[in-house]
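# Secondary and tertiary structure notes
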Amino acid sequence: MSYPESAPARRPAVVLMAAGVLLVMAVAALVYAVVDLVVLGGTVDAFRAAARDTSASPQQIDDVVTLLRASAVLSAVVAALSAPVLAGLALGLLAGRNGARVATWVVSGLGLLAGCCSVAVLIGERAAPLQLGSGEQAVAELLGLIGDAYPSWWIPLNAGLSVAQGLGYLVVATLLALPAANAWFGRHRSTAPTVPSAPPAFPHAPHQPPPAPPYPPR
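The following refers to the structure shown.

Scoring rules and cut-offs
- Residues numbered from 1 in each chain as written.
- Predicted model: local features only at pLDDT ≥ 70, side-chain atom pairs only at ≥ 80, totals over all residues.
- Heavy atoms only, no water.
- Patch = residues over 30% accessible without salt bridge, like charges linked within 9 Å, V, L, I, M, F, W, Y side chains within 5 Å.
- Areas by Shrake-Rupley, 256 points an atom, 1.4 Å probe, with all protein chains shown as cover.
- Salt bridge = Lys/Arg side-chain N within 4 Å of Asp/Glu carboxyl O.
- Helix = DSSP H or I, 4+ residues; strand = E, 2+ residues; numbered from the N terminus.
- Axes fitted to C-alpha atoms, helices over the stretch in contact; angles between N-to-C directions.
- Parallel < 35°, antiparallel > 145°, perpendicular 65-115°, else oblique.
- Left-handed = near helix turned anticlockwise from the far one by under 90°.
- Contact = heavy atoms within 4.5 Å.
- Nonpolar A, V, L, I, M, F, W, Y, C, P; charged D, E, K, R; others polar.

## Remarks on a nonpolar patch on the surface
- Among the surface-exposed residues, Leu-37, Val-73, Val-77 and Leu-81 lie close enough to one another that they form a single nonpolar patch of about 340 Å² accessible area.
- No other element matches the 3 residues that helix α2 (residues 58–94) contributes to the nonpolar patch.
- Along the polypeptide, Val-77 turns up in helix α2.

Take a look at the structure:
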């Protein structure tokens, strides 16, 4: 006798919202990586043009340009690598995997910390510029030109993205901790298939001698 299968539970809205925020953040990370590399060329040209009016040597200018390019490429690589991670977490949440929820909490904590650090660095650079010794005055002049070499909208955009990133991770972590999300992931954990155990072995029957043949008829 067969029984009808129970209909699967519908995904709660909080899980859909958390997955949607992660997907939006993944797309934004890819866009940021592309824009970062596109802006780099013009930024280097503007920096070299402004550095000609300083007392820095050509070698010092090249060193700062190398640092500028390395930081931009590193930021783009990190953003590009974070996009598939966020997309994978979103798909895991939609599938009801509790491991994906735990991993999302870990990534959210790290992302929130990174966003706070980025905002603190931007504020610190504006409030207290780097001070070097008298022998490194040329390097100090070059480092002060980096912020002006970027487009006027670039630094505010970075600050806004850092704040939005931190808020996004905070929203996702909060949504996944709500009771509806707990019930959804708990249901999937409780309905996981289990491997049936082997039936207990029965002891062998003791050996008995065969029955004696019947007497032949007389």
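## Digging into the packing of helix α1 (residues 13–51) against helix α4 (residues 137–149)
- Remark: α1 packs on α4, axes separated minimally by 9 Å, with the N-to-C direction vectors making an angle of 135°. What the angle tells us is that α1 and α4 run oblique. Two packed elements cross with a definite hand, and for α1 against α4 that hand is right-handed. Taken together, the residues of α4 that come into contact with α1 (itself represented by Thr-43, Ala-46, Phe-47, Ala-50 and Ala-51) are Leu-142, Leu-145, Ile-146 and Ala-149.
- A per-class count over the contact of α1 with α4 returns 8 nonpolar, 1 polar and no charged.

## Remarks on the side chain of Asp-36
- By the secondary structure assignment, Asp-36 is in helix α1.
- Discounting residues that sit within four places of it in the chain, Asp-36 has contacts with Ala-72, Ser-75, Ala-76 and Trp-154.

## Looking at the pattern of salt bridges
- Tallied over the entire structure, the rule returns 1 salt bridge.
- Across the pair Arg-48 and Asp-62 runs a salt bridge whose closest N-O atoms are separated by 3.1 Å. Of this pair, Arg-48 sits in helix α1 while Asp-62 sits in helix α2, placing them 14 residues apart in sequence.

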